[in-house]
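A structural walkthrough
What follows is the residue order along each chain.
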Amino acid sequence: MITQMKKFIRQDTTLTVLLGLLIFLILLFGSILQDKFFSFDNIQSMGYQIPEFAFLALAMSIAMITGGIDLSVVANANMAGIMAGYVLTGAVFGLNSGMSDLTLVIIAILVALIVATLGGVFNGILIAKFSVPAILATLGTMTFYNGISTAITEGKGVVGFPDNYLSIGTSAPLGIPLVFYIFFIAFAVVAFVMVRTPFGQSIYLYGENRIASLFSGIKNEKMIIKTYALAGFLSGIAAIIMTSRVNSAKYNYGDSYLLQAILVAVLGGINPNGGRGKVTNVIIGILILQILQSAFTLFAFSPYAKRMIFGFMLLLIMVINFIIDKWGARSKSIAKDSEVVPQEAK
Amino acid sequence: MPGNILEANNISKTYGGVHALDNVSMCIKAGEIHCLVGENGSGKSTFVKVMSGAITPDNGEITLNGHTYRSLNPIDSIREGVQVIYQDLSLFPHMTVAENISMNKMVALGKKLVNMAEVRKTAEEQLARIGETMDLDCPIDEISMANRQLVAICRALSLDAKLLFMDEPTTALTNIEVDRLLKIVLELKEKGLSVVFISHKLNEVFEVADTITIFRDGRKVGDFNSKELSYHSLIYHMTGRNVEYPRYVRKATDDNIRFEIRGLSRPGHFEDVNVKMRRGDILGITGLKGSGREELALSLFGLNPSKSGQVIINGKTVSIHSPTDAIVSGLSLLPEDRYTQALFPTHSISENISSASLPSITTKAGLLDRKGERQNAINMVAKLHIRTPNVETSVQNLSGGNQQKTVIARWVLTDPEVLILDGPTVGVDIASKVDIYEQIQSFASQGMSIILISDELPELLANCNSVMVMRANKVVGFLSNEELEKPDAADRLQSMMSGGGDDFQPSIPVLEAQA
């Protein structure tokens, strides 16, 4: 039993640490806040809030597995949300076009997904074809997409969506928010793609050593464009969830989500140098962050303090990861000597 | 013993069960030129790194100028006057000649501000010591390799070097430049400097060495006065009598041309290359670094487009613009640099082996067949004798030889018609080397056509049934199977590689030495 546990811990240190931290936080806040923390309302509101930034975190994670980053996720989502918003408010087809609300909603969803995916493709082309470092390319597109949103809305919000669009963000079949189902399914699909398809495998190989993946006959450029397109697509889903929850689209919505997305990806063990990290672990990272968020709200912390705490957490996690890596490498090299030497002696 | 600038006693260093250095002791006298020779992976480089303090040995003591160190650190080593010029020279390419020569001294003196007048003065003084002049304001990336080498020497001298290690200093130099460098080394010796010279080119070794120390398999074979040794006995000691590489004999009966390169050119890289290969042929391509051999290999693999000429596989002209095209056309390349071009260090052996065969392990539904991937890996591990507890082990935990076998397995799994191996045994221990040769020959016997790029003559002579020599971007010679079996084959290859007409005429051939 103990040896099995040891083996488990060594196999996936990140998962062990994350699960430990998650349980610790639940127990800590549960004992301090008691019923307030375990109330149906609190848990359901977590279920609404998680998917909002979870999709952005997922988009960030796959970009980071390639060894890159996507700083444009929030700006891209806002741009997509605004475009969808224009469809929904009738600014595109006219108020009296005779289209049913449902048709408008479907078109709006498609517009959000297509705009965000194209935003991602553009990132991918900059990175793959023009060799712009991902951090600079997406910093540029972040500003660019944000600029498009600001320019066309003149900084104002796009408001007033049909009810059946809002129900995406507010309905809760069986008491569980609809957006949480979407989150769950999307994560399962992406996790599966990453582990079980040649595309996912290529992302990991590229992230680890892009020259070796080139020599392995992997089409690096195509793969990078596809990856950032997928990140864009996921931002598009985030856009739909965000706009349907708040009944508006605005250029600066969800500003704090960028840091949170990076925080969750790193917390979930995605190596910023690429090639390593599991999407499934990111889910636990998301849960941890959400529990902290909710607890802070219940403690009535100011949003400014929250920012400081999250910024500090990101730095702390990276330092801890460094220490764990070092410790892991040492224990592995000891293990390696004891395993390999007898074989050599044969 | 007085007069020894360096004494190393019983130095050992183990990496993952492999002895990189096994109980090596050595003395280096003041004012001598001491050559270290041995095959790749024999321990020379590890020895140099131990002496410079870059690696701490597991066992042993180092005495420098009478001070004994159990674990030497780089600062102590530099303070004792040890300077190492590594093969890559470690210069700053965008800084000037003067800055490159003087910067380390300024740092060592703890200067807080850069005084350009002093930087230039130091540089001029050091250049004067070796009797050279150079444009002090020229950036390093605009001067020749030979001059860069001199800058590195001057930098070492500026730090009051007493013992200078030079790792393969002549690899990238032309013959005239080599003569100039060797002359400078001899002059430095006259001025009392000790030089440890590491070279694969044995004629250079004989030209400058007072003492020759031979390494093999992490052990020291012995110290020899250079006059005691002949080319024959040196090679014999380097390779050892017990290592005998089996000579490849082509058994295939199908003599149709399967792979042909017709007039392939890329000016400045390679010109007018013509090759014809049948099933089971192993063609060696050799030449010095920069002779065009790597460029040719990359071009065939779709990474360095040729300007003219054709590549024909099975009678069909193929156009290859990317490694993907190459693999689809039946052509695979084991790249030269395992670490930067081939390995995914934290990934498992299984994933490393499958990386070039992802399309073939993908099911119709578009999913990876992980079971098949694992089975392929298990088969390859058995076939190539990769020593590992299991195929899930990450490849960074393997020895160099086993990593190389893993990468070879990757390319064999693509089931190529033509397999190009660029330096398949660089940095690999002797035992793995024998395994790798055996496998290369067995793949060829099963019908693969193999191109073996190497600068190790014994490797070419053992495995190839014809060898093409390149020099200065041109094909300068071609030895057939019959010619390779003649006793003078090694000499002929050597002289074709380095430019012919060398005064160096070894009397006894390599193959006999090994027998």
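Everything quoted here is computed from the prediction, not taken from an experiment.

Before going further, it helps to examine the overall build of chain A. Each helix and strand in chain A was counted, giving 15 helices and two strands. Buried residues in chain A amount to 43% of all 346 residues. For chain A, restricting intrachain contacts to residue pairs at least 6 apart in sequence, the fraction spanning at least 24 positions comes to 80%.

Helices and strands together make up the secondary structure of chain B, namely 19 helices and 20 strands. Scaling as 2.2 N^0.38, a compact globule of 515 residues should have a C-alpha radius of gyration of about 24 Å, and chain B matches this with 24 Å. Its C-alpha atoms give chain B principal-axis dimensions of about 70 × 50 × 50 Å. Expressed as a percentage of the 515 residues in chain B, the buried residues total 48%.

Moving on, we come to the sheet that holds strand β8 (residues 194-198) of chain B. Residues and elements named next belong to chain B. Read across the sheet, six strands follow the order β6-β7-β8-β3-β9-β10 without closing on themselves; strand pairing throughout is mixed. In the strand order of this sheet, the two ends are held by β6 (82-85) and β10 (219-225), each with one partner. Taking the axes of each pair of neighbouring strands and ignoring which way they run, one obtains an average angle of 20° across the sheet. Judged from the six bridges that link them, strand β9 (residues 211-216) and β10 form a sheet pairing that is antiparallel. Bridge assignment links F215 to a residue of β10, and that residue is K220.

This part covers the environment of I349 of chain B. All names here are of chain B. Relative to the elements of secondary structure, I349 occurs in helix α12 (residues 349-354). The sequence separation of I349 and D281 amounts to 68 residues, and the corresponding C-alpha distance is 29 Å. The contacts of I349, once residues within four sequence positions are left out, are A377, V381, T388, V391, T393, V395 and T406.

The subject of this paragraph is the pairing of β9 of chain B. All names here are of chain B. β9 sits mainly inside the fold: five of its six residues count as buried. With four bridges joining them, strand β3 (residues 33-37) and β9 adopt parallel strand pairing. Looking across to β9, one finds that C35 is bridged to I212. The hairpin turn running from β9 into β10, its antiparallel successor, is two residues long, and D217 in that turn takes a positive phi close to 60°.

Turning our attention to unusual backbone geometry. Positive phi outside glycine occurs at L174 of chain A, with the angle close to 60°. Following the sequence through the fold, L174 of chain A ends up in the loop between α8 (163-170) and α9 (178-196).

A word on the packing of α8 of chain A against helix α12 (residues 220-246) of chain A. All names here are of chain A. At their nearest, the axes of α8 and α12 sit 7 Å apart, and the two run at 105° to each other. Classified by the angle between their axes, α8 and α12 sit roughly perpendicular to one another. On α12, the residues that touch Y165, L166, I168 and G169 of α8 are I240, I241, S244 and R245. For the contact of α8 with α12, the per-class residue count stands at five nonpolar, two polar and one charged.

If you check the domain split of chain B, you get domain 1 (4-239) and domain 2 (257-514). For domain 1 of chain B versus domain 2 of chain B, the distance between C-alpha centres works out to 32 Å.

Across soluble globular proteins, nonpolar side chains show a tendency to be buried alongside one another. The biggest cluster of nonpolar side chains holds 171 residues, and the ones touching the most others in it are L56, A57, L58, A84 and A112 of chain A together with I420 of chain B. For A112 of chain A, the residues in contact, after removing those within four places along its chain, are A80, G81, M83, A84, G236, A239 and I240 of chain A. Of all hydrophobic cores here, the second largest spans 61 residues; its members include A20, C154, M166 and V196 of chain B.

Moving on to the confidence of the model for chain B. All names here are of chain B. Mean pLDDT over chain B works out to 84, with 93% of the residues at or above the 70 mark. In the predicted structure, residues 501-515 sits below a pLDDT of 50 and forms 29 contacts with residues beyond four places in sequence or in another chain. As scored by the predictor, the complex reaches a pTM of 0.77 and an ipTM of 0.82.

Mapped onto the secondary structure, M277 of chain B falls in strand β12 (residues 270-278). Here M277 of chain B is in contact with R258, F259, L283 and S449 of chain B, once residues within four sequence places are set aside.

Quick look at helix α3 (residues 97-108) of chain B now. Considered for burial, the residues of α3 of chain B that qualify are V97, A98, E99, N100, I101, S102 and M103 of chain B. On its buried face, α3 of chain B sits against α4 (116-129) and α5 (145-158) of chain B.

What follows concerns the packing of helix α4 (residues 40-65) of chain A against helix α14 (residues 279-299) of chain A. Residues and elements named next belong to chain A. Where α4 meets α14, the closest approach of the two axes is 9 Å, and the angle between their N-to-C directions is 135°. Viewed along their axes, α4 and α14 adopt a mutual orientation that is oblique. Read as a crossing pair, α4 and α14 show a hand that is right-handed. Across the interface between the two elements, N42, M46, Q49, I50, A54, A57, L58 and S61 of α4 pack against V279, V282, I286, Q290, Q293 and S294 of α14.

Reading guide: rules and limits
- Residues numbered from 1 in each chain as written.
- Chains lettered and ligands numbered in written order.
- Predicted model: local features only at pLDDT ≥ 70, side-chain atom pairs only at ≥ 80, totals over all residues.
- Helix = DSSP H or I, 4+ residues; strand = E, 2+ residues; numbered from the N terminus.
- Buried ≥ 20, exposed ≤ 12 C-beta atoms within 10 Å, placed from the backbone.
- Contact = placed C-beta atoms within 7 Å.
- Rg over C-alpha atoms; globule rule 2.2 N^0.38 Å.
- Pairing = 2+ DSSP bridges.
- Axes fitted to C-alpha atoms, helices over the stretch in contact; angles between N-to-C directions.
- Parallel < 35°, antiparallel > 145°, perpendicular 65-115°, else oblique.
- Nonpolar A, V, L, I, M, F, W, Y, C, P; charged D, E, K, R; others polar.
- Domains from an automatic or database assignment.
- Core = buried A, V, L, I, M, F, W, Y, C linked by C-beta atoms within 7 Å.
- pLDDT = per-residue confidence, 0-100.
- Left-handed = near helix turned anticlockwise from the far one by under 90°.

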